[in-house]
Each structure stands twice: as structure tokens, then as C-alpha cells.
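A structural walkthrough
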Amino acid sequence: QQQVKQSPQSLIVQKGGISIINCAYENTAFDYFPWYQQFPGKGPALLIAIRPDVSEKKEGRFTISFNKSAKQFSLHIMDSQPGDSATYFCAASGMSGSARQLTFGSGTQLTVLP
Amino acid sequence: DSGVTQTPKHLITATGQRVTLRCSPRSGDLSVYWYQQSLDQGLQFLIQYYNGEERAKGNILERFSAQQFPDLHSELNLSSLELGDSALYFCASSVGSTGYEQYFGPGTRLTVT
């Protein structure tokens, strides 16, 4: 059962545009929501994360918007650059027994055209 | 560079064989996590070790096992390999056991022929 649904599967934007990736979760026990960026041939790299007690977090050109009641969160990339072209994964983390587990979305392949 | 190292980078083996993947966490990190990334299943959590002890299990097959050694490096053992085991295997590490801020290694690409 997929617990974190991510869309779109792929996204093409022009340089300077805004990239928006959306995720929805089901498990209300999730309490930490990171985004990871993955370049071809590399491992996922932690980009930005949010906890459900805030509705927005911004780091540079990257912003997470969080809607707890709708169980949705999104990544906005402002002024998108060709170097941002990568696969982005949302994730959700919550306690499972005595340990915390990360559940990943299916990924969004972002292409920023020059 | 995350500071997490994995060896080997690539591994090609035949069905029915056994392989061992190795991971060294970032300096100071006590937790190691293993993930499998495949085209059809995405990124799936397999297992977590914290300071030498198994802490959490995800979607890990019985044919797979892992351990974390006193020097905190970890090994993932895959046996009776099947074609469907072909995937990227990532190791991640974090400071504590809570699983926040996991840092991923570059991965091992396993091809089973």
C-alpha cells in the first residue's frame, strides 16, 4: 500500500520558472516530511524538511508548503535553473513500533530547460 | 559528498548466488539504514541498525540479512538471488536512532543475470 503519493511523475519548466511538486499522505502518525534530490548515478540528498507544526518552510529558492488538514505538502522551486534538473522525492517519517521509518513517494523527474 | 561510503559501486552476479554489500556511515553516525531502489517499487526501506543492534525492519526479504559491526560499518547480505533483486541498494546514516536527517551513500548497483 503506497502511503505517500507524489505527482507529477515528470515536470518540464523553463529556466526562471517555478517548479511545483505535490505529495499526499495517509498516515496521520507521520510527523516529519523531508524532500530529497537525486542526480543520476548519485544517492538521494536531503534538500529541505518540515514538521507539521508549521505551514511553510523556506530555504533559499526551495519552499515546502504543508497543509495538515488536507494531509498534503508540496515543494516549490523558485527561479528554477538547469542545475536543478534531477529527480525529487518527497518522504514522510513516523514511528513504527520503537523506531522511525522513512516512506518515500515515487519521485518526480524535473527538467529545467535553458 | 555525504560522507557515507558504499562498496562495490557495481556488482554483476548470477541467479542463485550470494553477495555482500558494504557501507561505512558518516563519522559520528550510529545508525545505518538500507534501502532498495528499483524502477517498479521506488525507494523502499529495508532495515535499520543502531549502534550494532537491529532497530527496525521494513520490506526486507527473508533471503536478505544485514549486520552492523563494532566499528559501525554495515553489511547487507543478499542470497539466493533472483532476477527481480536487480536494483540500486543505498545505505544511509544518521546521528541518532530517530531517523531524522538521513544521509545517503552513492549506492551499489546490483545486476542479477
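Residues numbered from 1 in each chain as written. Chains lettered and ligands numbered in written order. Predicted model: local features only at pLDDT ≥ 70, side-chain atom pairs only at ≥ 80, totals over all residues. Heavy atoms only, no water.

Turning next to the packing of aromatic side chains. Taken as a whole, this structure holds 18 aromatic pairs over all chains when the rule is applied. Look at A:Tyr32 and B:Tyr100: their rings are 4.7 Å apart centre to centre, the planes differ by 80°, and that puts the pair in the edge-to-face class. Taken together, the residues span two chains, with A:Tyr32 in the loop between strand 3 (19–25) and strand 4 (33–38) and B:Tyr100 in the loop between strand 9 (87–94) and strand 10 (103–104). Judged by relative accessible area, A:Tyr32 falls into the buried class, the value being 6%. Residue B:Tyr100 is classed as partly exposed on the basis of its relative accessible area, which comes to 22%. Ring geometry for B:Tyr35 against B:Phe104: centres 5.1 Å apart, planes inclined by 40°, an arrangement best described as tilted. (Phe/Tyr/Trp six-rings, centres within 6.5 Å; stacked < 30°, edge-to-face > 60°. Helix = DSSP H or I, 4+ residues; strand = E, 2+ residues; numbered from the N terminus. Buried < 20%, exposed > 50% of the residue type's maximum accessible area, 1.4 Å probe, protein only.)

Looking now at the pairing of strand 7 (residues 62–67) of chain A. All names here are of chain A. Direction of pairing for strand 6 (residues 56–59) relative to strand 7: antiparallel, over a ladder of four bridges. Opposite Glu59, over in strand 7, you have Phe62 as the bridge partner. Linking strand 6 back to strand 7 in an antiparallel pair, the connection comprises two residues, with Gly60 at a positive phi of about 65°. As paired elements, strand 7 and strand 8 (residues 72–77) share six bridges and run antiparallel to each other. Across the sheet, residue Ile64 finds its bridge partner in strand 8, namely Leu75. (Pairing = 2+ DSSP bridges.)

The next subject is the side chain of B:Ser94. All names here are of chain B. Position of Ser94 relative to the elements: it lies in strand 9. In this structure the side chain of Ser94 is engaged in a polar contact, spanning 3.0 Å, whose partner is the backbone oxygen of Gly96. For Ser94, the contacting residues outside a window of four places in its chain are Asp29, Leu30, Ser31, Tyr33, Gly99, Tyr100, Glu101 and Gln102. (Polar contact = N/O pair within 3.5 Å; in protein donor to acceptor, adjacent residues only side chain to side chain. Contact = heavy atoms within 4.5 Å.)

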